Amino acid sequence: MAITADHIRDKLIKELAAVHVDVEDTSPNRCAASYKVLVVSSQFEGKPLLQRHRMVNTCLAEELKEIHAFEQKTLTPEQWEKQKSQ
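The paragraphs below set out a description of the structure included in this document. (Residues numbered from 1 in each chain as written. Predicted model: local features only at pLDDT ≥ 70, side-chain atom pairs only at ≥ 80, totals over all residues. Heavy atoms only, no water.)

## Notes on the packing of helix H1 (residues 5-16) against helix H2 (residues 49-59)
Two quantities define a packed helix pair, namely the angle between the axes and the distance from one axis to the other. One way to put it is that H1 packs onto H2 with a least axis distance of 10 Å and a crossing angle of 115 degrees. Of the two elements, H1 crosses H2, and the hand of that crossing is right-handed. Across the interface between the two elements, Lys11, Leu12, Glu15 and Leu16 from H1 touch Met55, Val56 and Cys59 from H2. When its residues are assigned to classes, the contact of H1 with H2 shows 5 nonpolar, no polar and 2 charged. (Axes fitted to C-alpha atoms, helices over the stretch in contact; angles between N-to-C directions. Helix = DSSP H or I, 4+ residues; strand = E, 2+ residues; numbered from the N terminus. Left-handed = near helix turned anticlockwise from the far one by under 90°. Contact = heavy atoms within 4.5 Å. Nonpolar A, V, L, I, M, F, W, Y, C, P; charged D, E, K, R; others polar.)

## Focus: H2
Residues lying three or four places apart along an α-helix face the same way, a consequence of the helix completing one turn every 3.6 residues. If you check which residues of H2 are buried, you get Arg52, Met55, Val56 and Cys59. Down the axis of H2, the smallest arc covering the buried residues is 95 degrees, so these residues share one side. The exposed set on the far side of H2, more than 90 degrees from its buried face, consists of Leu50, Arg54 and Thr58. Buried positions along H2 lie against H1, strand E2 (34-41), helix H3 (61-64), strand E3 (69-75) and helix H4 (77-84). (Buried < 20%, exposed > 50% of the residue type's maximum accessible area, 1.4 Å probe, protein only. Arc of directions from axis to C-beta.)

And the structure:
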């Protein structure tokens, strides 16, 4: 399976009911080995950072077997709105 930014984005939107997802291929030659993601979901409400990251990791468990580096930022919609206004 070829892992693409679109595939990761679509899966996070579908499985985590994300309202906003940014996915950036940060591999030097865009070879899909390194990604940076921002996920905004109401499912993160009331959950600590570690639990949020575990939710993302569980969602992308198969994909992470082939990704060498994965950086994530997880926000609730309220946190996202606050961050956008700063």
